[in-house]
Amino acid sequence: MGQRKNLHQILSDIMVDTCGSSASAQVYFQPPETIKMVYPCIVYERDTGDTQFADNAPYIHNVRYTVTVIDRNPDSEIPAKVAMLSMTIYDRHFTSDNLHHDVYKIYY
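Residues numbered from 1 in each chain as written. Predicted model: local features only at pLDDT ≥ 70, side-chain atom pairs only at ≥ 80, totals over all residues. Heavy atoms only, no water.

Q: When you look at the overall build of the chain in this model, what are you seeing that I'm missing?
A: Along its length, the chain carries two helices and five strands. Counting from the amino terminus, helix and strand elements in the chain follow one another as α-β-β-β-α-β-β. If you line up the chain on its principal axes, its C-alpha atoms span 50 × 30 × 25 Å. In the chain, which comprises 108 residues, the share counted as buried stands at 34%. Here the chain has roughly 6800 Å² of accessible surface; of this, 48% comes from carbon and sulfur atoms. (Helix = DSSP H or I, 4+ residues; strand = E, 2+ residues; numbered from the N terminus. Buried < 20%, exposed > 50% of the residue type's maximum accessible area, 1.4 Å probe, protein only. Areas by Shrake-Rupley, 256 points an atom, 1.4 Å probe, with all protein chains shown as cover.)

This is how it looks when you write it as structure tokens:
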């Protein structure tokens, strides 16, 4: 649980650096459908994990998260900042309801 909170803080810091101090609340972990999100925002959720073995026993296990940056601005600075995080892989881009979605896979 502590690792997820650290990731949440890193994503919140990106939002604050880009959008101002009130933007830290615009980072959502597995938000329910009933929540009204404020854009731009970052939405993330647990995805899968990667386990490395030594002598047939788990040695290292990293959790992978799917992180989606959602913004009306197609030239937003937020995706570039997320892309620079360690162990981050760019997955895809799509638009929906005139919102740009940049999806990343992050091992944390």
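Okay, back to it.
Q: I would appreciate a short explanation of the pairing of strand β4 (residues 88-96) in the present structure.
A: Each regular strand displays side chains that alternate between the two surfaces of the sheet. Across eight bridges, the pairing between β4 and strand β5 (residues 99-107) is antiparallel. Bridge pairing in β5 links threonine 88 to isoleucine 106. From the end of β4 to the start of β5, which pair antiparallel, there are two residues, and aspartate 97 there has a positive phi angle of about 55 degrees. (Pairing = 2+ DSSP bridges.)

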